[in-house]
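Reading the structure
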Amino acid sequence: MLQRFEPFLDVLRASALADWVNPLRRLTLERLQPARHGDLGDWVEALERLSALCLPDPCESSRVLDQPCVGVAAEQPLSPAVSVQLRQVLEQLHPWRKGPCCLHGIEIDAEWRSDWKWARLADAIAPLPGRRVLDVGCGNGYYGMRALGAGADLVLGIDPTLRFVLQFLALEQLIGAERLAVFPLADDDLPSLCAAGGQFDTLFSMGVLYHRRDPIQHLARLRDCLRPRGELVLETLVVDRPSGESIVCEPSACEPLLDQDADQRVRESRPPVCGPANADPLIPAGRYARMRNVHAIPSVATLGDWIRAAGYQDLQLVDLSRTTIQEQRATPWMRFQSLADFLDPNDPSLTIEGHPAPVRALLLAQRAG
């Protein structure tokens, strides 16, 4: 298994991240052990079945990383028999949470329309050509592929969920993206890796913060991995409510939300486009939308305070949107319950537990210094 990561580690050796090579190899070897997950053997078997298929060489196929459905296609389509076998292998790695992915005529319609999130941030973030990117809690690497498609020099993803790491290895085998890898690590591993100083230009943390008991500590760990003035791209749940089902705030309406005093002045002068909820932060006593370990959901203003306290500056709120059942839903590639099952059937503005339904904010900030 470790051999599958070697092409990317070779890329790291020739970069400013050369010191990461040995720790990444050691941690990956430690985490990819059968005792870590009872299904790991089945997922490894899926990769072995994939290797045995008569598939086109990625170098001789058309790789697509700059379109909503990332993937690969050969000049000649697969035979029906091989296509069936490929689909069976990919289904063995069910459920697929992030996508879509188009692989030799097979479209993986994942639970999340991750391309919608990418569309919200693509024009707002610093241009990626030549930048080193770290994606924390990256899942199967969908955003990393989009980052490569946007010109990033290399993308290092980390995610502790072994299923997602194996999904990435399947995608990488088909697509051939040696400047991207997903390692079986968590943000707890970052302090030792980033101790020598931040080397990343852009850092993604998408849907992770509300699962952390100490959000400021999480943000500080990310900061230490960024170079001075490097960019944090943060997407997380908030209690603020947009006025429509899916509203992207104009800067004049969004910016006051980063500051409670400014927001109060705006609300006194005119009806707000986006107003804060009463509870700040929301601390669910049990689950939130049936998710475990949702520790705190702040207002955008409180979130801004957390980000500044962790050592960032130049905050920007670029999007505030309700999560809809069109963006997160069950599909043939994710057959378990999804958002529609997590909302109050009589009032979809509430979760099944009675909390406000999910709203997500996308913010940018720079490491101070």
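Refer to the structure presented above.
These notes cover the structure that comes with them. Note that the structure is a prediction, hence the values are computed from the model and not measured.

Spatial ordering of the open sheet is given by β9-β8-β7-β10-β11-β17-β14, a layout of 7 strands whose pairing is mixed. Of all strands in the sheet, those with a lone pairing partner are β9 (180-183) and β14 (312-322), marking the two edges. Strand-to-strand twist across the sheet, computed as the mean angle between neighbouring axes with direction ignored, equals 15°. In this structure, strand β8 (residues 154-158) lies alongside β9, joined through 4 bridges in parallel fashion. Bridge assignment links Ile 158 to a residue of β9, and that residue is Phe 183. Of the strands in this sheet, β11 (226-237), β14 and β17 (359-367) touch helix α12 (residues 300-309), which is tilted by about 150° from β14.

This part covers helix α3 (residues 40-52). Here α3 spans 19 Å end to end across 13 residues, near enough to the 18 Å set by a 1.5 Å rise per residue. Here α3 has its buried residues at Leu 40, Trp 43, Val 44, Ala 46, Leu 47 and Leu 50. For α3, the buried positions fall inside an angular range of 150° around the axis, keeping them on one side. Counted as exposed and oriented over 90 degrees from the buried face of α3: Glu 48 and Ala 52.

This part takes up the state of the cysteines. In protein chemistry, a disulfide is the covalent bond that joins the sulfur atoms of two cysteines. The final tally for this structure, using the stated rule, is 2 disulfides. The disulfide bridge from Cys 69 ends at Cys 102, spanning 2.0 Å between sulfur atoms. The sign of the S-S torsion, about 100°, decides the handedness of the disulfide formed by Cys 69 and Cys 102: right-handed. Separated by 33 residues along the polypeptide, Cys 69 in the loop between β1 (62-64) and β2 (70-73) and Cys 102 in strand β4 (residues 101-103) bring together distant segments of the chain. Given the relative accessible area of 27%, Cys 102 is considered partly exposed.

Residues Leu 180 and Val 182 line one face of β9 and the alternating positions Ala 181 and Phe 183 line the opposite face, and both faces are buried. As a crossover connection, the stretch from β8 through helix α7 (residues 162-175) into β9 is right-handed.

Note on placement: Glu 6 falls in helix α1 (residues 6-13). Here Glu 6 falls in the buried class, since its relative accessible area comes to 15%. Beyond its immediate sequence surroundings of up to four residues, Glu 6 is in contact with Arg 13 and Arg 25.

Turning next to the packing of α1 against helix α2 (residues 21-31). Two elements in contact, α1 and α2, have axes whose closest approach is 10 Å; the angle formed by their N-to-C orientations is 155°. Here α2 runs roughly antiparallel to α1, going by the angle between their axes. Of the residues in α2, those touching α1 at Glu 6, Leu 9, Leu 12 and Arg 13 are Val 21, Leu 24 and Arg 25. Here the residues of the contact of α1 with α2 are counted per class, giving 4 nonpolar, no polar and 3 charged.

With that out of the way, let us pick up the side chain of Gln 328. Within the element layout of this structure, Gln 328 appears in the loop between β14 and α13 (339-342). Ignoring sequence-local partners within four residues, the contact set of Gln 328 consists of Glu 111, Trp 112, Thr 323, Ser 338 and Leu 339.

Rules of the game
- Every chain is numbered independently, its residues counted from 1 as its sequence is written.
- At least 70 in pLDDT is required for a residue's local features to be given in this predicted model, at least 80 for side-chain atom pairs to be given and counted, and no such filter applies to totals for whole chains, interfaces and linings, which use all residues.
- With hydrogens and water excluded, all non-hydrogen atoms of the structure serve as input to the side-chain values.
- At least two DSSP bridges between two strands are needed for those strands to be called paired.
- Going along the chain from the N terminus, every DSSP run of H or I of four or more residues is numbered as a helix, and every run of E of two or more is numbered as a strand.
- Interaxial angles span 0 to 180 degrees and are taken between N-to-C directions of axes, which are lines fitted to C-alpha atoms, for helices over the stretch in contact.
- Whether two residues are in contact is decided by their heavy atoms: any pair within 4.5 Å suffices.
- Multiplying 1.5 Å by the residue count of a helix minus one yields the expected span of that helix.
- Burial classes: relative accessible area under 20% of the type maximum marks a residue as buried, over 50% as exposed, and values in between as partly exposed (1.4 Å probe, protein chains only).
- In this description, one arc is meant: the one made by directions from the helix axis to the C-beta atoms.
- By definition, disulfides here are pairs of cysteine sulfur atoms that lie within 2.5 Å.
- Looking down the strands as they point away from you, a crossover is right-handed if its path from the first strand over the helix to the second goes clockwise.
- Comment on the angle field: the value is read as roughly parallel under 35 degrees, roughly antiparallel over 145, roughly perpendicular from 65 to 115, and oblique elsewhere.
- Side-chain classes are defined by residue name, with Ala, Val, Leu, Ile, Met, Phe, Trp, Tyr, Cys and Pro counting as nonpolar, Asp, Glu, Lys and Arg as charged, and the others, Gly among them, as polar.

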